[in-house]
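# Coordinates in review
Here is how the chains run, residue by residue.
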Number of protein chains: 2
Amino acid sequence: MSEISCHIITIGDEILYGHILDTNSKWLSENISLLGLKISKKSTISDNYKEITTSVNDSIAKYNLTILTGGLGPTNDDVTKNCLNEYFGCELVYDNKTLDHIKKIFKKRNLDFTPKNKQQALVPDKCQVLHNKYGTAPGMSFIKNKMVLISLPGVPFEMKSLFNDECINLIKSKFKLPVIHHRIIKTVGIGESWLSDIISDWENNLDKSIKLAYLPSLGRVKLRLTGHGKDLKKVKSKIKKEEMSLIPLIKKYVFGFDSDELENVVGKQLIKENKDISVAESCTGGNVSSLLTSVPGSSKYFKGGMIAYSNEIKINSLEVPKDKIEKFGAVSREVVEEMAKKIRIKFKTSLGIASSGIAGPGGGTKDKPVGTVWIAIADKNNVLSKKLSLTDRRDVNITLSSISLLNIIRIFLEKYRE
Amino acid sequence: MSEISCHIITIGDEILYGHILDTNSKWLSENISLLGLKISKKSTISDNYKEITTSVNDSIAKYNLTILTGGLGPTNDDVTKNCLNEYFGCELVYDNKTLDHIKKIFKKRNLDFTPKNKQQALVPDKCQVLHNKYGTAPGMSFIKNKMVLISLPGVPFEMKSLFNDECINLIKSKFKLPVIHHRIIKTVGIGESWLSDIISDWENNLDKSIKLAYLPSLGRVKLRLTGHGKDLKKVKSKIKKEEMSLIPLIKKYVFGFDSDELENVVGKQLIKENKDISVAESCTGGNVSSLLTSVPGSSKYFKGGMIAYSNEIKINSLEVPKDKIEKFGAVSREVVEEMAKKIRIKFKTSLGIASSGIAGPGGGTKDKPVGTVWIAIADKNNVLSKKLSLTDRRDVNITLSSISLLNIIRIFLEKYRE
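Every value quoted in this text rests on a predicted model; they were computed, and no experiment measured them.

### Here's the deal with the overall build of chain A
A count of helices and strands for chain A gives 16 helices and 17 strands. Rg of the C-alpha trace for chain A: 28 Å, well past the compact-globule value of 22 Å for 418 residues, more than 25% over. Projecting the C-alpha coordinates of chain A onto the three principal axes gives extents of approximately 85 × 55 × 40 Å. The burial tally for chain A puts 56% of its 418 residues in the buried class. Contacts in chain A between residues far apart in sequence, at least 24 positions, make up 68% of those at least 6 positions apart. For chain A, the exposed surface amounts to about 18600 Å²; the carbon and sulfur share of it is 50%. When the 64 positive and 47 negative side-chain charges of chain A are each reduced to one mean point, those points stand 5 Å apart.

Below, the structure is given as structure tokens:
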């Protein structure tokens, strides 16, 4: 079966010029690829008659499905509908269902119904109208030479509900879709090239129908396996088989799968092991607590933290012995372990974690250059600490230290599982 | 003078399939348009030899400047460099400066230097190498028929610093750019439509050669004035004049200009007033401390913080009276003011700030629904507090509360200036 190709076109100067971030095309490509279509291209163009016409013409000559978003509003800079009307040789006619719906919206919100609003119910006579429950601009679908074009509004929640309510069935009815399946394996604490070295034999023997992608971000690398085929069960089982031979090679770096995030995984581990945690942060400045508490329901295991930024607070509030700081320096194994132990006792939690380092740009010395960071974790019996040698960049150092600190929780919990 | 057109091409299946959000092309289009170029198109394509070659070929036939990001990593799915090498008829050679730089990075971080890492220093012999201070993949620039192509790595902070350090001068040297000047006025604590109402008379009388854009983000709105012309001095003076008549209308919302960020502005204010600060966070969970400490040199004024997430820590460590929490609830004016006062005394700082609220999704009640947040600031004589009624979304509530808490520092320091 040949692949069904899709091109997503975002229309609008505010996206083109980067005034707002385009989240629609991310959402659309994710959801369209889940249906088994191949995402061939995404484009962003100006809300300009000529640009839209040229792009539509090129796209429906090349791709099975073209999806447009944006340019359907009531103001003068919204030209998509008129463009498509002309391109597909249609006449604009009122769609009564849409007109009734718009009138109802205006009545409910006590707003005046102006001629401009009425125009929103005009649609090209040869299109299939896609009814927009949450807004005034209907979606439209056109067919030319077996190629399908769908035009959706740009307001994200209108676009999403129109896609779910109308487009999925439309796409399924127009195309014979192949089966596609993705599996994402998430690693932390190893760089892309080392990972690639470790798994190179496995990668070279990978089933030809399965594609591997490395998706790196700061401190983490995702491995994505994608399989195509005719039978979902077979594709899934092929991917599962490859996954089973991959995991043992990289086990200690794998923290999760698919939509897992490190902070959620650690949270689930803490709940499972019935432990709570407190945090003493120096160089990470609150970022670790912020990550842990970004998870809904984190109050179950996160009790609190102290940002002991100055030495006085390390000494007076966290009760790190002054002579330890004087002897070893604030950025040292001795002090960071003491911080982890003290916050645990102070905040009465099963685990305490801590960071102390030189985030930069200032504060570095020859022995302890910018990027030198110590992290630690302690429970009532054990302490685990680690020195990190990071970069020159403050933001990168804070992020990498935070990820390492979350990761050391994971490692500690696995090592000392009760 | 004719416009210089630019096409930004993002390479990578992870962006194409929506596994990650494309923030690079937003940033690039914003920054390239600031130089006076016209953004004609943005595209996202697969990291596939044929796709890249076709797109590069089409783009340099049509647009003055093509910028590629992505596909420069060390693994097998990164094919951009080889593609460009072949397309521009080059040979790959080692760039010694890059090789030295990569070796240094590996030495500093105590990592093994593998053959794959060495390959990162290979560059096409006819390209101009753009040195990447923060990563191992260099950028490259090529010229064909007076059209310029620049290839940048996909890692956002590497791409951004390469653009700032190398590309701006390169672009300015290759093209005769129109004179363009921007002035950004940054506001906080007022929505786009209210702002637009306040300044509508001013906006209607704006000099015809100057364009106004509203650039909203969570909790903040930027107003960008853009002037085009032939003489930079004249353009700047026209914009200055408009700015002078705008500011008095919106003075209390303006926190900065151009590249100012709220956390930096507040930091400068604290240094100027010779004050230091400590933070007691509940619902913001460390995010406010994290923002304050993201600023280099923040240890001058930020002494520390306590994340008093659980009531026990509010009572036992922060010493908020238990009966206050029982009588008014943790999310109340009384408790948040007490938190701000107590952290100030405990951490011996001139100012204390605090947050307490229901970030959601759980924990809401009829009287205090999700999104109810109290924030406060205290010095030795005064307390200022504010109730916020925010949204249903945890992440949005944390961000908006944090921005409001930074803003209340600014307001307090202006109000009680000594």
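### Observations concerning the sheet that holds strand 15 (residues 351-357) of chain A
Here 10 strands make up an open sheet; going across it, the order is 17(A)-16(A)-15(A)-13(A)-14(A)-14(B)-13(B)-15(B)-16(B)-17(B) and the pairing mixed. In the strand order of this sheet, the two ends are held by strand 17 (383-389) of chain A together with strand 17 (383-389) of chain B, each with one partner. Put simply, the sheet's adjacent strands are angled 10° from each other on average, direction ignored. Sheet strands in contact with helix 16 (residues 394-415) of chain A are strand 13 (277-281), strand 15, strand 16 (372-378) and strand 17 of chain A, and its direction is about 30° off that of strand 16 of chain A.

### Focus: the pairing of strand 7 (residues 139-144) of chain A
All names here are of chain A. Alignment of strand 6 (residues 128-130) against strand 7, held across three bridges, turns out to be antiparallel. Paired with leucine 130 across the two strands is glycine 139, which belongs to strand 7. Note that strand 7 and strand 8 (residues 147-152) share five bridges and pair antiparallel. Bridge assignment links serine 141 to a residue of strand 8, and that residue is isoleucine 150.

### Regarding the domain arrangement of chain A
Residues and elements named next belong to chain A. Domain boundaries assigned for chain A yield domain 1 (5-174), domain 2 (179-257) and domain 3 (262-415). Measuring from the centre of the C-alpha atoms in domain 2 to the corresponding centre in domain 3 gives 31 Å. Summed over both sides, the interface of domain 2 with domain 3 buries roughly 690 Å², with 71% coming from carbon and sulfur. Considering only the side of domain 2, the residues that lose the most area to domain 3 are Val188, Leu218 and Phe255, jointly responsible for 67% of the buried surface there. Here domain 2 and domain 3 share zero salt bridges between them. Connecting domain 2 to domain 3 are two residue pairs in polar contact (both at pLDDT 80 or more). Among the residues forming the side of domain 2 that touches domain 3, the class breakdown is five nonpolar, one polar and two charged.

### What about helix 4 (residues 80-87) of chain B?
Within helix 4 of chain B, six of the eight residues are buried, leaving the element largely enclosed by the surrounding structure. Looking at the residues trailing helix 4 of chain B, positive phi occurs at glycine 89 of chain B, about 60°.

### Digging into the sheet that holds strand 10 (residues 210-217) of chain A
All names here are of chain A. Taken in spatial order, the four strands make up an open sheet running 10-11-9-12, and their pairing is antiparallel. Among the strands making up the open sheet, the edge pair consists of strand 10 and strand 12 (254-257). Adjacent strand axes in the sheet meet at a mean angle of 20° when their direction is disregarded.

### Considerations on the environment of tyrosine 87 of chain B
Residue and element names in this part refer to chain B. Within the fold, tyrosine 87 resides in helix 4. Here tyrosine 87 falls in the buried class, since its relative accessible area comes to 19%. Taking the C-alpha atoms as reference, tyrosine 87 lies 8.4 Å from asparagine 57; in sequence the two are 30 residues apart. When sequence neighbours within four positions are dropped, the list of residues in contact with tyrosine 87 reads Thr53, Val56, Asn57, Ile60 and Lys144.

### As for the interface of chain A and chain B
Taken together, the contacts link 73 residues of chain A with 72 residues of chain B. Across the interface of chain A and chain B, roughly 5900 Å² is buried in total on both sides, 56% from carbon and sulfur atoms. Considering only the side of chain A, the residues that lose the most area to chain B are Tyr17, His19 and Trp194 of chain A, jointly responsible for 10% of the buried surface there. On the surface where chain A and chain B come into contact, there are two salt bridges. Here lysine 108 of chain B and aspartate 392 of chain A are joined by a salt bridge, their closest N and O atoms 3.0 Å apart.

### As for a nonpolar patch on the surface
Together, Tyr134, Val155 and Phe157 of chain A make up a nonpolar patch on the protein surface, roughly 300 Å² of accessible area in all. Following the sequence through the fold, tyrosine 134 of chain A ends up in the loop between strand 6 and strand 7.

### Focus on helix 10 (residues 232-250) of chain A
All names here are of chain A. Its 19 residues give helix 10 an end-to-end C-alpha distance of 27 Å, which sits within 8% of 27 Å, the value for a rise of 1.5 Å per residue. Three or more residues of helix 10 are buried, namely Val235, Ile239, Glu242, Glu243, Leu246, Ile247 and Ile250. Looking at the packing, one finds that the buried side of helix 10 touches strand 9 (179-188), helix 8 (192-198), helix 9 (200-204), strand 10, strand 11 (220-229) and strand 12. Between a side-chain oxygen at the N-terminus of helix 10 and the backbone nitrogen of lysine 233 the separation is 3.0 Å; the capping residue is aspartate 231.

### Some thoughts on the pairing of strand 16 (residues 372-378) of chain B
Residues and elements named next belong to chain B. Within strand 16, seven of the seven residues are buried, which leaves the element mostly enclosed by the surrounding structure. Covered by surrounding structure in strand 16 are Thr372, Trp374, Ala376 and Ala378 together with Val373, Ile375 and Ile377, the residues of both alternating faces. Where strand 15 (residues 351-357) lies against strand 16, six bridges are found, and the strand directions are antiparallel. Residue isoleucine 353 lies in a different strand from strand 16, and its bridge partner there is isoleucine 377. Summarising the sheet, strand 16 and strand 17 pair through seven bridges and their orientation is antiparallel. The residue of strand 17 that forms the bridge with isoleucine 377 is leucine 384. The loop that links strand 16 with its antiparallel partner strand 17 comprises four residues.

### Some details on the packing of helix 11 (residues 262-272) of chain B against helix 16 (residues 394-415) of chain B
What describes two packed helices is the angle between their axes and the distance between those same axes. Residues and elements named next belong to chain B. One can describe the packing of helix 11 onto helix 16 by two numbers: an axis separation of 10 Å at closest approach and a directional angle of 30°. Of the possible angle classes, the one that applies to helix 11 and helix 16 is roughly parallel. Judged by the sense of rotation from one axis to the other, the crossing of helix 11 with helix 16 is left-handed. Across the interface between the two elements, Leu262, Glu263, Val266, Gln269 and Leu270 of helix 11 pack against Ile403, Leu406, Asn407, Ile409, Arg410, Leu413 and Glu414 of helix 16.

The rules we used
- Residues numbered from 1 in each chain as written.
- Chains lettered and ligands numbered in written order.
- Predicted model: local features only at pLDDT ≥ 70, side-chain atom pairs only at ≥ 80, totals over all residues.
- Heavy atoms only, no water.
- Helix = DSSP H or I, 4+ residues; strand = E, 2+ residues; numbered from the N terminus.
- Rg over C-alpha atoms; globule rule 2.2 N^0.38 Å.
- Buried < 20%, exposed > 50% of the residue type's maximum accessible area, 1.4 Å probe, protein only.
- Contact = heavy atoms within 4.5 Å.
- Areas by Shrake-Rupley, 256 points an atom, 1.4 Å probe, with all protein chains shown as cover.
- Lys, Arg positive; Asp, Glu negative; His and termini not counted.
- Charge placed at Lys NZ, Arg CZ, Asp CG, Glu CD.
- Pairing = 2+ DSSP bridges.
- Axes fitted to C-alpha atoms, helices over the stretch in contact; angles between N-to-C directions.
- Domains from an automatic or database assignment.
- Buried area = accessible area lost by both parts, 1.4 Å probe.
- Salt bridge = Lys/Arg side-chain N within 4 Å of Asp/Glu carboxyl O.
- Polar contact = N/O pair within 3.5 Å; in protein donor to acceptor, adjacent residues only side chain to side chain.
- Nonpolar A, V, L, I, M, F, W, Y, C, P; charged D, E, K, R; others polar.
- Patch = residues over 30% accessible without salt bridge, like charges linked within 9 Å, V, L, I, M, F, W, Y side chains within 5 Å.
- Expected span 1.5 Å × (residues − 1).
- Parallel < 35°, antiparallel > 145°, perpendicular 65-115°, else oblique.
- Left-handed = near helix turned anticlockwise from the far one by under 90°.

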